[in-house]
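In case you want the letters, here they are:
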Amino acid sequence: MKTAPQLDDLRLFCAVARNRSFAATARELGLSNAVVSKRIAILEAGMGTALLHRTTRSVALTEQGETLNRAVREVFAKLAMTEALLTESRERPTGRLK
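These lines cover the structure that appears in this document, whether it is placed above or below.

Observations regarding the side chain of Thr-62
By secondary structure assignment, the location of Thr-62 is in the loop between β2 (59–61) and α4 (63–91). Thr-62 sits in the buried class, given a relative accessible area of 5%. In this structure the side chain of Thr-62 is engaged in a polar contact, spanning 2.9 Å, whose partner is the backbone oxygen of Ala-50. Within polar-contact distance, the side chain of Thr-62 engages the backbone nitrogen of Gly-65 at 3.0 Å. Apart from the residues lying within four places of it in its own chain, the contact partners of Thr-62 are Ala-50, Leu-51, Leu-52 and His-53.

And the structure:
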């Protein structure tokens, strides 16, 4: 049964896609290789598709992985932009100036 991906797992997936390596991602995020591998496997199982081609030296995105990576990066960029707009609007004076 397919399940909705967890936000943290999507962030982890994007890091693996960027680094092209479980080991580099694990070092970057302070996790073990086993944790990174397990969480990616859970994400793939939940989505019902392989997202990465694995070799002993690196990983590469599958076609589905490319699609997911592109979509998730767009969503994270929109969230960051929205957060910046909200922060800016909180810091900007409002109301009537006297």
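Points about helix α3 (residues 33–47)
Structural remark: α-helix, 3.6 residues per turn; residues separated by three or four positions point the same way. In this model α3 runs 21 Å from its N-terminal to its C-terminal C-alpha over 15 residues, within 8% of the 21 Å that 1.5 Å per residue would give. Buried residues belonging to α3 abut α1 (7–19), α2 (22–29) and β1 (52–54). Looking one or two residues past α3, Gly-48 carries a phi angle of roughly 75°, positive in sign.

Rules behind the numbers
Residues numbered from 1 in each chain as written. Predicted model: local features only at pLDDT ≥ 70, side-chain atom pairs only at ≥ 80, totals over all residues. Heavy atoms only, no water. Helix = DSSP H or I, 4+ residues; strand = E, 2+ residues; numbered from the N terminus. Buried < 20%, exposed > 50% of the residue type's maximum accessible area, 1.4 Å probe, protein only. Polar contact = N/O pair within 3.5 Å; in protein donor to acceptor, adjacent residues only side chain to side chain. Contact = heavy atoms within 4.5 Å. Expected span 1.5 Å × (residues − 1).

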